[in-house]
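What follows is the residue order along each chain.
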Amino acid sequence: MHADDASTQDHQSSELKLTRREAIQALAGVAAASLVPTAAAEKSKKPASWPQEPSTFAPLPFNDNWRFHRGDASGAESPSFDDSSWRTLDVPHDWSIEDLPGPEPLNTGAIGTQGTPPLKTGPFDFYASEGQIATGWTVGGIGWYRKTFDKPQLPQNGKAELRFEGVYMNSDVWINGAHLGNHPYGYTPFAYDLTPHLKDGPNTLVVKVDNTGRNSRWYSGSGIFRKVSLAVSGDLRILQYGVSITTPQVAKDSAQVNIDVTAENARPAARKATVRVRLLDNTGATAAETQASLAVPASAGATAACILKLANPKLWSPAEPNLYRAEVLLESDNQPAGFASLATGIRKIEIDAAQGLRINGDPLKLQGGCVHHDNGLLGSACIPRAEERRVETLKASGYNAIRTSHNPPSPDFLDACDRLGMVVIDEAFDCWESGNKNPQDYHLYFKDWSQRDLQSMILRDRNHPCVAFWSIGNEINERAEPHGVEIGKSLQALAHKLDPTRPVTAAICHPWDHPKQTWADMQPAFTYLDVGGYNYQWAQYEPDHAKYPDRVMMGTESFPNEAFQNWQAVEKSSFVLGDFVWTAIDYLGESGIGHVTLVSGDARDVFSPPYPWFNSYCGDIDLIGSKKPQSWFRDVVWHRSPIEMAVQRPAPDRWKETVSRWGWSDELRSWTWPGLEGTPLTVRVYTRAEKVTLFLDNRQIGSKSLTEKDALTAVFTVPYAPGKLRAVAHHQDREIAMISFSTAGPPRKLRLRPDRPRLRATRDDLSYVLVQVVDETGLAVPDAVVPVSFSLTGPAEIAAVGNANPKEVASFRQPRRNTFHGECMVVVRPTGKPGTVELKTESPGLDGASTNLEITG
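Reference entry: report on the structure contained in this document. (Residues numbered from 1 in each chain as written. Predicted model: local features only at pLDDT ≥ 70, side-chain atom pairs only at ≥ 80, totals over all residues. Heavy atoms only, no water.)

Okay, the sheet that holds strand β13 (residues 228–233) next. Within the open sheet, the four strands sit side by side as β2-β13-β8-β11. Their pairing is antiparallel. Edge positions in the open sheet fall to β2 (60–61) and β11 (190–193), since each of these has one partner strand only. Inspection of the sheet shows β2 paired to β13 by two bridges, in the antiparallel sense. Paired with Pro-61 across the strands is Ser-229, a residue of β13. (Pairing = 2+ DSSP bridges. Helix = DSSP H or I, 4+ residues; strand = E, 2+ residues; numbered from the N terminus.)

Laid out in C-alpha cells, this is it:
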C-alpha cells in the first residue's frame with residue numbers, strides 16, 4: 001500500500017478531504033458546510049501583510065501555582081474548601097515518583113550501607129503498592145489538584161476552553177463547583193468549555209485523579225503528568241485540531257502542501273471569513289502562501305481548503321529532518337479571529353512488499369525500539385527537555401524509529417521526533433475489551449471510549465511528519481477471534497477515515513494467551529492491518545511471505561539477544577520494514593524482566609524477580625541514559641561500529657549466570673577487576689570482521705576467525721591481570737579496527753559532566769549532570785560503588801537523582817545517591833529566573849567536584 005503517495009492521492013483527494021473534514025466537524029459537534037474555494041487553490045494569490053502579533057491567539061500556559069493533596073479529600077470539589085495546607089506546585093507532575101508521606105521505617109537502607117532493602121523507602125512500598133512488580137512497587141491512589149485564577153477577558157460570545165494533554169487516570173474536573181466531566185484514559189488529550197461557569201473575580205478549578213487498582217502493566221505514574229492550557233477565543237475560531245496538513249505531491253524539485261482549516265461560528269447568523277496560510281522555512285522566510293474565502297453557517301462549522309506549491313522544497317527524512325512552520329490566520333470583518341502555528345514537514349512515504357519502505361523515494365530500514373512513556377528518575381512527568389533528551393539519546397545510538405508502546409505519547413515527545421528525525425509508530429491501546437491483563441485497566445472503558453480516544457490521538461498527531469503508522473493495539477487478547485476481528489476492522493476504518501494517508505498496524509504475538517492455539521490461528525488478526533506487526537516472530541517472516549506475498553511486515557518487538565538474527569531477516573527481506581527491540585530504554589515497572597541473576601544447581605529462573613527489582617532493565621539504554629552492553633553490540637549489528645568489546649562478570653564457584661529472554665549477560669566495558677587476579681574472565685569481541693586477535697599489553701592471547709554461526713561474536717577466556725586489553729579486527733589480513741580497555745586505579749575523585757551547561761530560565765528546561773568516579777589520572781572506575789551527596793545554589797532546584805541500578809530502592813528526590821557501574825546522575829531544573837547555578841558533589845574519601853550552569857532569560 002502507499003501512505004501519502006501522490007500516485008494514489010491524485011484521483012482520490014476530493015473524497016478523502018471530505019471524509020477528513022467530516023471527522024473534524026463531528027469531533028467538534030459542528031455541522032458540515034459547503035466549501036468556498038478561491039483561485040488561490042489553482043494559483044498563488046499574495047495575501048495582505050500579516051498582523052504583528054498573531055500569537056496573542058495562542059493558548060495560555062496553565063501549569064503554574066496548582067495546589068495538590070495526595071490522598072482523598074472529602075468536599076474538595078467545593079470552591080469554599082480550605083486548601084491552604086496543600087502543597088503548591090507546577091504541572092506536569094507525577095506524585096508516584098515522589099517520596100511517600102510519613103516517616104521512614106527504621107531499616108532505611110541508608111546510602112552506603114549493605115543488607116536487606118527497606119520495604120518502604122522513597123516512592124517504594126512493598127505492602128501498599130497495588131501494581132507491585134508491574135508498576136515497580138510504587139503507589140498510586142487518589143490525588144486532588146486545585147487552582148484559583150481570575151476570569152480571562154472574553155470577547156462577546158467568546159469561549160474559554162481548558163485543555164489537558166494527559167492526566168493519569170480517571171480524572172474528574174470541576175469549575176466553581178460545577179462538574180465538567182470525567183476522562184478515564186490517562187494518555188489522550190481532552191478539553192472542557194469553562195465559559196458558562198466562569199464568574200467575575202476569582203474562579204476555582206478542581207481536578208480529582210483516581211489511579212487506584214491494578215490498571216497498568218508498567219509504571220504509569222499518577223496525576224496531571226502532561227501540560228495544561230487555557231484557550232480563549234471569540235465567536236469565530238479555529239478548532240483545537242482544526243488544521244490538517246497533507247503532502248499529496250512530493251518531489252525533489254517541487255511539492256504540493258494541502259492545508260485544510262476548520263472554523264466554528266458561535267453566532268446565530270452566518271459569517272464570511274478569510275483563511276490565510278503560509279509556510280515559513282527554518283530561516284523564517286516565507287516559502288509559500290495563499291488564502292481562501294470561507295462561508296461559515298450559523299452555529300456551525302466549515303472547512304477551507306488551501307493548496308500551496310513549493311519549488312525545491314526541503315524534504316523531511318530521518319537523515320535530514322527539515323521542518324517548515326505552517327501559520328494559519330482566520331479573519332472576519334477585516335479583523336483577526338483566530339491563529340494557529342505548527343511545525344510540519346514535507347515528505348512522501350511509500351510502502352509495499354516488493355520494495356519495502358521508502359521516504360522521498362529513498363529506501364529505509366527501521367532501526368527501531370519500543371519506548372514507554374516515563375522519564376526515568378523524573379517518573380512520568382512530561383517535561384519538554386526530558387522528552388527531547390530521550391529522543392536525542394536514541395538518535396545518538398543509531399535508532400531512526402520509535403514505537404510508542406503502548407499508548408499515545410506527549411506532544412513534546414513527537415515534536416522532538418520531528419526535529420531530530422525519528423519515524424514513529426503511534427500506538428493507541430494495550431487492551432481492547434478483554435480483561436486478561438489487569439482487572440482495572442482500560443478494558444473497562446473500551447466500548448464507550450475507544451473510538452473517541454483513537455480519534456483524539458489521530459487528530460492531534462496527524463500533522464507530525466515523524467508519525468508514519470497508527471497502531472491500534474498491542475498483543476490484544478481477542479485479536480484473532482471473530483469479535484476481535486470486527487473490533488479491529490472498525491478501528492482501522494476509523495483511522496483511515498480520519499487520516500487516509502497512513503497505514504494501520506498492531507503488534508501480533510504468538511498465542512501465549514491461548515495455549516491450545518498456534519501461529520496459524522493468529523492469521524485473522526492480519527486481515528484488518530495494512531502492515532503486520534510481528535512480536536518475537538522473526539522466524540515466521542519467510543513462511544508467512546510464501547503464503548501471503550503481498551503482506552508487509554515489521555518486527556514490532558524482539559529480544560535483545562536475538563538482535564543479529566532479527567536484523568539479518570530485515571536486511572534480506574524487502575517485505576520486512578524493520579525491527580523494534582523490547583526495549584530501547586530501561587523503564588520503571590515490569591520489574592526485572594531483563595534480569596540477569598546467579599542460580600545454583602537446578603534452580604529455575606523466573607519471569608520477573610521479586611522486590612527490590614523495580615525497573616525493567618531490558619533496555620539498550622539504562623535509566624540514566626547510558627549505553628548498556630547490548631547497545632554496543634547493536635552498533636555492530638547496524639554497521640555503525642567495526643568492533644566493540646565487553647567482559648563478563650565472573651560467577652562465584654558453584655553458581656552460574658542465567659539471563660532472561662529480555663536480558664543480557666552481566667558485561668562491562670572494563671578491564672578493572674581488583675581482587676580477581678588470575679581468575680579466568682570471559683571476553684566477548686563483537687565485529688563483522690573476518691578475524692579478531694586479542695592482546696593483553698603486548699602479549700597475544702589468541703586469535704579467532706568468525707563465521708555466520710558466530711553471530712558477530714568472538715569469545716575468549718583470559719586470566720585476569722591488570723594492564724591493557726586490546727582487540728584488533730582484521731579483514732583479509734589487514735587491520736581495520738581496534739578497541740582497548742585499560743585497568744583503572746582506585747577511586748580518587750568525582751567528575752561532573754552536564755549534558756547542557758547553559759539553560760533557559762523556564763521550567764521546561766533541564767540539565768542532566770552525570771557524576772563519574774575516576775582514578776588519580778582521570779580514568780573512569782567502571783564498577784565503583786560510592787555514596788554521593790549533592791548541594792546546589794542559584795536559581796534552580798534538584799529535580800531528581802538516581803542511578804541505573806534496577807534494584808536499589810531509594811528516594812529520587814533526596815540529595816544523595818550511590819553510584820552504580822561508577823556513575824550516578826543529578827537532574828537540575830531552573831526555577832524560572834536567570835543567574836548562575838553552582839552544583840557541588842561530595843563523597844567520603846574522594847575529592848569532590850563542582851560545576852556551574854548558566855541560566856539565561
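We now examine the sheet that holds strand β12 (residues 202–211). The antiparallel open sheet is built from six strands, whose spatial order is β4-β3-β7-β12-β9-β10. Unpaired on one side and paired on the other, β4 (87–89) and β10 (178–183) mark the two borders of the sheet. On average, each strand axis in the sheet is inclined to that of its neighbour by 25 degrees, with strand direction left out of account. Judged from the four bridges that link them, strand β3 (residues 66–70) and strand β7 (residues 141–150) form a sheet pairing that is antiparallel. Residue Arg-67 lies in a different strand from β7, and its bridge partner there is Arg-146. (Axes fitted to C-alpha atoms, helices over the stretch in contact; angles between N-to-C directions.)

What follows covers the pattern of salt bridges. A pair can form between side chains of opposite charge whenever their charged atoms are brought close. Per the counting criterion, the structure on display carries 46 salt bridges. Salt bridges sharing common partners tie together Arg-385, Glu-388, Glu-392, Arg-419 and Asp-755. (Salt bridge = Lys/Arg side-chain N within 4 Å of Asp/Glu carboxyl O.)

Bringing the pairing of strand β14 (residues 236–250) into the picture now. Across the 15 residues that make up β14, a large majority, 13, are buried. Once β14 ends, the chain turns through three residues before running back antiparallel as strand β15 (residues 254–265). (Buried < 20%, exposed > 50% of the residue type's maximum accessible area, 1.4 Å probe, protein only.)

When you tally the buried positions in helix α9 (residues 629–637), you get eight out of nine residues, the bulk of the element. If you check which residues of α9 are buried, you get Pro-629, Gln-630, Ser-631, Phe-633, Arg-634, Asp-635, Val-636 and Val-637. For α9, the elements touching its buried residues are α8 (563–572), β31 (576–581), β33 (643–648), β35 (667–668), β36 (680–687) and β39 (713–719). A positive backbone phi angle near 65 degrees is found at His-639, which sits one or two residues after α9. (Contact = heavy atoms within 4.5 Å.)

By secondary structure assignment, the location of Glu-557 is in strand β30 (residues 553–557). A residue is classified by how much of its surface remains accessible, and Glu-557, at 5% relative accessible area, is buried. Setting aside chain neighbours within four positions, we find Glu-557 in contact with Cys-370, Arg-403, His-406, Asn-474, Glu-475, Tyr-534, Asn-535, Tyr-536, Phe-580 and Trp-582.

Cis rather than trans, the peptide bond between Ser-405 and His-406 has omega equal to -10 degrees. Of note, His-406 is situated in the loop between β25 (401–403) and α4 (411–420). The linkage connecting Trp-582 with the following residue, Thr-583, adopts the cis geometry, with an omega of -5 degrees. Inspection of the secondary structure assignment puts Thr-583 in the loop between β31 and β32 (596–599). Of note in this structure, Trp-137 is not a glycine but carries a positive phi near 65 degrees. Residue placement: Trp-137 occurs in the loop between β6 (124–125) and β7. Here Trp-137 falls in the buried class, since its relative accessible area comes to 5%. The backbone of Asn-170 sits at a positive phi, close to 45 degrees, despite the residue not being glycine. Turning to its location among the elements, Asn-170 is positioned in the loop between β8 (159–164) and β9 (171–175). Among the residues examined, Asn-170 registers a relative accessible area of 15% and is labelled buried.

In this section: the nonpolar core. Formed by 101 residues in total, the largest nonpolar core has its most connected members in Leu-366 and Phe-469. In terms of nonpolar packing, the next biggest core, distinct from the first, is built from 32 residues, Ala-255, Val-261, Val-296 and Ala-340 among them. (Core = buried A, V, L, I, M, F, W, Y, C linked by side-chain atoms within 4.5 Å.)

Pairs of packed helices are described in terms of their axes, by the angle between the two and the distance that separates them. Two elements in contact, helix α3 (residues 384–396) and α4, have axes separated by 8 Å at closest approach and are oriented at 40 degrees. In this view, α3 runs oblique relative to α4, as classed from their interaxial angle. Here α3 and α4 pass one another in a crossing that is right-handed. Along the contact surface, α3 presents Pro-384, Glu-387, Glu-388, Arg-390, Val-391, Glu-392 and Lys-395, while α4 presents Asp-412, Phe-413, Ala-416, Cys-417, Arg-419 and Leu-420. The class makeup of the residues in the contact of α3 with α4 is six nonpolar, no polar and seven charged. (Parallel < 35°, antiparallel > 145°, perpendicular 65-115°, else oblique. Left-handed = near helix turned anticlockwise from the far one by under 90°. Nonpolar A, V, L, I, M, F, W, Y, C, P; charged D, E, K, R; others polar.)

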